[in-house]
Amino acid sequence: MKARFQLKQSSLDVLKVFILIGLGLFFFERFVTGKLYFYIAPRFWWLSVVAVVLCFALAASFNLLKRDEKDEHEHDHHHDHDHDHHEHGHDHEHGHDHSHGNLFSVLVLAIPLVLGIMVAPKTLGANAIENRGISTDFAVSSDAAAKSLTIVPSQRNVLDWARAIAATTEPEQFYGQEADVIGFVYRDSRFADNQFMVARFTLTCCVADALAVGVIVQADNAADFTMDSWVKIKGTFQETTFEDSAMPAIYATEITPTEQPEQPYLYQ
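Cut-offs used in this document
- Residues numbered from 1 in each chain as written.
- Predicted model: local features only at pLDDT ≥ 70, side-chain atom pairs only at ≥ 80, totals over all residues.
- Heavy atoms only, no water.
- Buried < 20%, exposed > 50% of the residue type's maximum accessible area, 1.4 Å probe, protein only.
- Helix = DSSP H or I, 4+ residues; strand = E, 2+ residues; numbered from the N terminus.
- Polar contact = N/O pair within 3.5 Å; in protein donor to acceptor, adjacent residues only side chain to side chain.
- Contact = heavy atoms within 4.5 Å.
- Pairing = 2+ DSSP bridges.
- Salt bridge = Lys/Arg side-chain N within 4 Å of Asp/Glu carboxyl O.
- Core = buried A, V, L, I, M, F, W, Y, C linked by side-chain atoms within 4.5 Å.
- Phe/Tyr/Trp six-rings, centres within 6.5 Å; stacked < 30°, edge-to-face > 60°.
- Axes fitted to C-alpha atoms, helices over the stretch in contact; angles between N-to-C directions.
- Parallel < 35°, antiparallel > 145°, perpendicular 65-115°, else oblique.
- Left-handed = near helix turned anticlockwise from the far one by under 90°.
- Nonpolar A, V, L, I, M, F, W, Y, C, P; charged D, E, K, R; others polar.
- Arc of directions from axis to C-beta.

A. Up close: helix H6 (residues 158-167). For H6, the tally of buried residues reaches nine of 10 residues, placing the bulk of the element in the interior. Within H6, the full set of buried residues consists of Val158, Leu159, Asp160, Trp161, Ala162, Arg163, Ala164, Ile165 and Ala166. Between a side-chain oxygen at the N-terminus of H6 and the backbone nitrogen of leucine 159 the separation is 3.0 Å; the capping residue is asparagine 157.

B. Structural context of the side chain of glutamine 195. With respect to the helices, strands and loops of the structure, glutamine 195 is situated in strand E2 (residues 195-203). A polar contact of 3.3 Å, which involves the side chain of glutamine 195, links it to the backbone oxygen of threonine 241. The contact partners of glutamine 195, leaving out residues within four places of it in the chain, are Arg187, Ile216, Val217, Gln218, Ala222, Thr240, Thr241 and Phe242.

C. Quick look at unusual backbone geometry. Residue glutamate 243 is not a glycine yet carries a positive backbone phi of 50 degrees. Here glutamate 243 lies in the loop between strand E4 (230-242) and strand E5 (245-257). For aspartate 244, which is not glycine, the phi dihedral falls at a positive 65 degrees.

D. Spotlight on the pairing of E4. Taken together, the seven bridges between strand E1 (residues 178-186) and E4 define a ladder with antiparallel strand orientation. Across the sheet, phenylalanine 184 pairs through a bridge with tryptophan 230, a residue of E4. One ladder, built from 12 bridges, connects E4 with E5; its direction is antiparallel. Residue threonine 240 lies in a different strand from E5, and its bridge partner there is methionine 247.

E. Structural context of the pattern of salt bridges. This model, assessed by the stated rule, comprises four salt bridges. When the shortest N-O distance is used, the salt bridge between lysine 232 and aspartate 180 registers 2.9 Å. Of the two residues, lysine 232 is situated in strand E4 and aspartate 180 in strand E1; the sequence distance between them amounts to 52 residues. Classification of aspartate 180 as partly exposed rests on a relative accessible area of 26%.

F. A look at the nonpolar core. The biggest cluster of nonpolar side chains holds 24 residues, and the ones touching the most others in it are Phe196, Ile233, Phe237 and Ile255. Looking at this core, the elements that each hand over two or more residues are H6, E1, E2, strand E3 (211-218), E4 and E5. Residues Ala126, Ile134, Ala212 and Ile216 belong to the second largest nonpolar core, which totals 20 residues.

G. Broad picture of the packing of aromatic side chains. Enumeration over the complete set of coordinates arrives at eight aromatic pairs. Pairing tryptophan 161 with phenylalanine 237 gives two aromatic rings, centres 4.3 Å apart and planes at 40 degrees, and the pair type is tilted. Here phenylalanine 237 lies in strand E4 and tryptophan 161 lies in helix H6, a separation of 76 residues in the sequence. The pair tryptophan 161 / phenylalanine 237 is uniform in exposure class, with both members buried. Ring geometry for phenylalanine 184 against tryptophan 230: centres 5.6 Å apart, planes inclined by 65 degrees, an arrangement best described as edge-to-face. With phenylalanine 184 in strand E1 and tryptophan 230 in strand E4, this pair connects stretches of sequence that are 46 residues apart. Note on accessibility: phenylalanine 184 and tryptophan 230 belong to one class, buried. An aromatic cluster is present here, built from Trp161, Phe174 and Phe237 joined pairwise through their rings.

H. A look at the packing of helix H5 (residues 142-149) against H6. One can describe the packing of H5 onto H6 by two numbers: an axis separation of 8 Å at closest approach and a directional angle of 120 degrees. In terms of orientation, H5 and H6 fall into the oblique class. In this structure, H5 crosses over H6, and the sense of that crossing is left-handed. Each of Ala144, Ala145, Ser148 and Leu149 in H5 lies in contact with H6, whose residues at this interface are Asp160, Arg163, Ala164 and Ala167. Counted by class, the contact of H5 with H6 contains five nonpolar, one polar and two charged residues.

I. Looking closely at H5. Residues of H5 that are buried include every one of Ala144, Ala145 and Ser148, and no others. Along H5, the residues classed as buried sweep out an arc of 100 degrees about the axis, all on the same side. In H5, the exposed positions that point more than 90 degrees away from the buried face belong to Ser142, Asp143 and Lys147. For H5, the secondary structure elements touched by its buried residues are H6.

If you want it as structure tokens, here you go:
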């Protein structure tokens, strides 16, 4: 019975090593393919490196730790040889409980690896806005707004425009400025038939703090574009009415369907 336990324990140990190696390779693949940034902002790239190193280090050290435990166990067993019969029964009961504990730890290790492999990375879109909300008026620091304003208007992205508009008390300064942005279509009951919002999600730290920002687009064919579809908008800013208030909107001269960018999030 003791030999059977040792064989089972050895198999569980091997499983742990392979799972740790698998986790290390999973984090490494997410890092080199850029899929890591579907979860965290680029400035935290080092977290994946730490995860890879820890997983491989634990896998490499696991056999050494088990070898030390085995040597210690054999030493204690030899020292207590006079009580061998009693200790054999005790070890069997303890080993049975210990094997259950190790099986549970294997399952805990395996869950994130299995989920990571089976569940493809999926970016937030229009459906997530229904839970998180979106606003044309959000808190923005003066430094962030000033940085956006230093960018040539035609090169500003959705976040740059949203920051600048949210921070200003004189929206008319944007009227006549050219816009060329990419984002996904969002609309709800607040929008007129000829309006939608070109939106993007922004990350500060990770996907848990993702914030949807957007700019209103006005065009005669606005209703032709389905919600959540990605579009490239060209036009100029003019005044429009939204929720009974005057505010800047892109009067589109060209709306072109496009593919989702390789990195769909914008980072603050």
